Amino acid sequence: MQAKKEADFTLDLRGESCPYPVIYTLEALEGMNNGELLQVITDCPGSFRNVPEEALKHGYKFAQEPVKNGQEYLFYIYA
Amino acid sequence: MKTMIHTIFQRYWNPYVVLLIAGLLSALYFGLTSTVWAVTGEFTRLGGDLLLLFGVDISGWEYFDMVHLKGTTWSRPDGWIVWGMFIGALMMVLLSNNFKIRLPQQKRRYVQGLVGGIIAGFGARLALGCNLAAFFTGVPQFSIHSWIFIVATGIGTFFGAKLTKMRWWKGRPSLTRGAAKPSKIKKNVIQPYIGGAIAIVYIGLMIYFFATGQHLLGLGALFGLAFGILIERGQICFTSAFRDLFLVGRSVMAKAIIAGMAISSIVTIIVISIYGLTPITQIAAPSTFVGGVLFGLGIVMASGCETGMMYRLMEGQVLFLPVFAGNIIGATFLAYAWDHLGVYNVLVKSGTKVNLIDTIGPVGAILATLAMLGVLYALTIYGEKRYHRNLTMKRGVKEHAS
């Protein structure tokens, strides 16, 4: 594993269903300063795909590969 | 072998592949049974069953005659489509070890789910079908009511998306400073064993249906299972098809659904021509439009339609319990309002059944359908492009301002 930067913010979306994980993630990223790192914890299966895909499409970069943690996913995204 | 298991159970399948298979299977199901893949008709019957259980006299309700409320859900092929879908989805969720009780942090979601579910259930039955019979399996039957329904659903979804963006509706997420710890993973993996056990019992049941000559029930159970597996593995979400285009410029689901309808239309026209089957045509009336708008609005409010909520519920997303209840309440209320509140006279009576095969012939019907789907596809791409263009412009303004 690469050296991990500590996340600046964490968005805990456990329990939320689509489309709210995507909306919340994009909004959180928009509100943060450039280069800050956001950790997203989500367990809505739809969001396993649409959160990373839309974050990339909206021009954000991932700090590392998504982490599958049991029935949830962790995403690390730079604002 | 290990990679195959990984691909089937650990990863979600490509929605294009899933919807192409679903389109093919629904055409095949029509060829075998002369009925289509549908769910809300059965939801209405479930509502009727419940009313009977509570001793309500529904003998005079016209709508229940129309949807052939007979027997129990276990003796109806449409019933087995619904239960097969639930079980197919549950099986796949368990086999991929992905079941988890998921409780929304925002308590308002329960109310939104119930209200949206009622509106969607009511709207779907008013239009005589949800995103399946009036959309995904309605277009390939060349019934013009599905064209009206698609436009109306798009309009309803647009307003739903506006509502979703409002602060009081979506609520505030729990954004905290610093890193937080993820959930602990359980060491013992037992879900796949339960999934396997359910699969064995269900296969036994299907064998029983066919062995005892109950072919329609067997086919319902078999195709329902297949549809359930497909929508869960593809995470097929009709609600998101229009909504996410408006919300975040996401187009993949809309495009996959259009592709699925195109293949289903082609196979269906071949099946109809070869076997001389009569396509299933529903009445096209003001009710189709009103129902479609209500349906589009309701599914976005509830975060899921009558199809999508099925596998989400099986994943353990508790939000979809009130949505399911709402769907049945809405459908049952429509059945009441149909004759008791004059819905039929005001919105339905003036309509007629129009099928493209009757009006412009089979070749015209398939060409017109493919052209319509082509226009939908182009509009989808346009919508996505427009969203991202606006986004770039907004960013540009923001950068100059700061």
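Going by the structure above, here's the rest.
For the structure given in this document, a descriptive report is provided here. A quick note: this is a predicted structure, and the numbers were derived from the prediction, not measured.

What counts, and at which threshold
Residues numbered from 1 in each chain as written. Chains lettered and ligands numbered in written order. Predicted model: local features only at pLDDT ≥ 70, side-chain atom pairs only at ≥ 80, totals over all residues. Helix = DSSP H or I, 4+ residues; strand = E, 2+ residues; numbered from the N terminus. Buried ≥ 20, exposed ≤ 12 C-beta atoms within 10 Å, placed from the backbone. Contact = placed C-beta atoms within 7 Å. Pairing = 2+ DSSP bridges. Right-handed = clockwise from strand over helix to strand, strands pointing away. Nonpolar A, V, L, I, M, F, W, Y, C, P; charged D, E, K, R; others polar. Axes fitted to C-alpha atoms, helices over the stretch in contact; angles between N-to-C directions. Parallel < 35°, antiparallel > 145°, perpendicular 65-115°, else oblique. Core = buried A, V, L, I, M, F, W, Y, C linked by C-beta atoms within 7 Å.

Considerations on the overall build of chain A
In step 1: A tally of regular secondary structure across chain A gives two helices and five strands.
In step 2: Along the chain direction, N to C, the helices and strands of chain A fall in the order β-α-β-α-β-β-β.
In step 3: Along the longest, intermediate and shortest principal axes, the C-alpha atoms of chain A span 30 × 25 × 20 Å.
In step 4: Burial statistics for chain A: of 79 residues in total, 48% are counted as buried.
In step 5: Of all intrachain contacts in chain A linking residues separated by at least 6 positions in sequence, the fraction that spans at least 24 positions is 68%.

Side note on the pairing of strand E1 (residues 9-12) of chain A
In step 1: Examined bridge by bridge, E1 of chain A and strand E2 (residues 37-42) of chain A share four bridges and lie parallel to one another. Its bridge partner lying in E2 of chain A, Thr-10 of chain A is registered against Gln-39 of chain A.
In step 2: Handedness of the β-α-β unit built from E1 of chain A, helix H1 (residues 20-31) of chain A and E2 of chain A comes out right-handed.
In step 3: The pairing of E1 of chain A with strand E1 (residues 175-177) of chain B spans three bridges and is antiparallel.

Details of the interface of chain A and chain B
In step 1: Contact with chain A, which involves 33 residues of that partner, is made by 36 residues of chain B.
In step 2: Counting only elements with at least two residues in the side of chain A that touches chain B, the list comes to E1, H1, E2, helix H2 (47-57) and strand E5 (72-78) of chain A.
In step 3: When residues in the side of chain A that touches chain B are grouped by element, the largest group, six residues, is from H1 of chain A.
In step 4: When grouped by side-chain class, the residues that make up the side of chain A that touches chain B number 16 nonpolar, 10 polar and seven charged.

Details of the packing of helix H3 (residues 40-53) of chain B against helix H16 (residues 320-340) of chain B
Residues and elements named next belong to chain B.
In step 1: Interhelical geometry of H3 versus H16 gives an angle of 80° and a closest axis separation of 8 Å. If you check the angle between H3 and H16, you find them roughly perpendicular. Residues Thr-40, Phe-43, Thr-44, Leu-46, Gly-47, Gly-48 and Leu-51 of H3 touch H16, and the partners they reach there are Asn-327, Ile-328, Ala-331, Thr-332 and Ala-335.
In step 2: Its residues assigned to classes, the contact of H3 with H16 comprises six nonpolar, six polar and no charged.

A few points about H2 of chain A
In step 1: When H2 of chain A is considered as a whole, its buried residues turn out to be Ser-47, Phe-48, Asn-50, Val-51, Pro-52, Glu-54 and Ala-55 of chain A.
In step 2: On its buried face, H2 of chain A is in contact with H1, E2 and E5 of chain A together with helix H12 (238-248) of chain B.
In step 3: Positive phi appears at Gly-59 of chain A, one or two residues downstream of H2 of chain A, with a value of about 90°.

Description of the pairing of E5 of chain A
Residues and elements named next belong to chain A.
In step 1: Note: E2 against E5, six bridges, orientation antiparallel. The partner of Ile-41 across the bridge, within E5, is Leu-74.
In step 2: As paired strands, strand E3 (residues 61-62) and E5 are joined by two bridges and run antiparallel to one another. Within E5, the residue paired with Phe-62 across the bridge is Ile-77.

Considerations on the environment of Ile-5 of chain B
Residue and element names in this part refer to chain B.
In step 1: In this fold, Ile-5 is placed in helix H1 (residues 2-10).
In step 2: According to the C-beta neighbour criterion, Ile-5 is exposed, with 11 such atoms within 10 Å.
In step 3: With 91 residues separating them in the primary sequence, Ile-5 and Ser-96 have C-alpha atoms 9.6 Å apart.

Focus on the environment of Gly-330 of chain B
Residue and element names in this part refer to chain B.
In step 1: Relative to the assigned elements, Gly-330 resides in helix H16.
In step 2: The class of Gly-330 is buried, set by 31 C-beta atoms lying within 10 Å.
In step 3: Taking the C-alpha atoms as reference, Gly-330 lies 35 Å from Ile-200; in sequence the two are 130 residues apart.
In step 4: Beyond its immediate stretch of four places on either side in the chain, Gly-330 contacts Gly-117, Ile-118, Ile-119, Ala-120, Gly-121 and Phe-122.

Some thoughts on the nonpolar core
In step 1: Judged by nonpolar contacts, the single largest core of 134 residues is most densely connected at Ala-89 and Ile-257 of chain B.
In step 2: The contacts of Ile-257 of chain B, once residues within four sequence positions are left out, are Leu-19, Phe-136, Phe-238 and Ala-241 of chain B.

Points about unusual backbone geometry
In step 1: Between Cys-18 of chain A and the following residue, Pro-19 of chain A, the backbone shows a cis peptide bond with an omega angle of 10°.
In step 2: By the secondary structure assignment, Pro-19 of chain A is in the loop between E1 and H1.
In step 3: Unlike most non-glycine residues, Ser-34 of chain B shows phi in positive territory, near 60°.
In step 4: Mapped onto the elements of the fold, Ser-34 of chain B is located in the loop between helix H2 (15-33) and H3.

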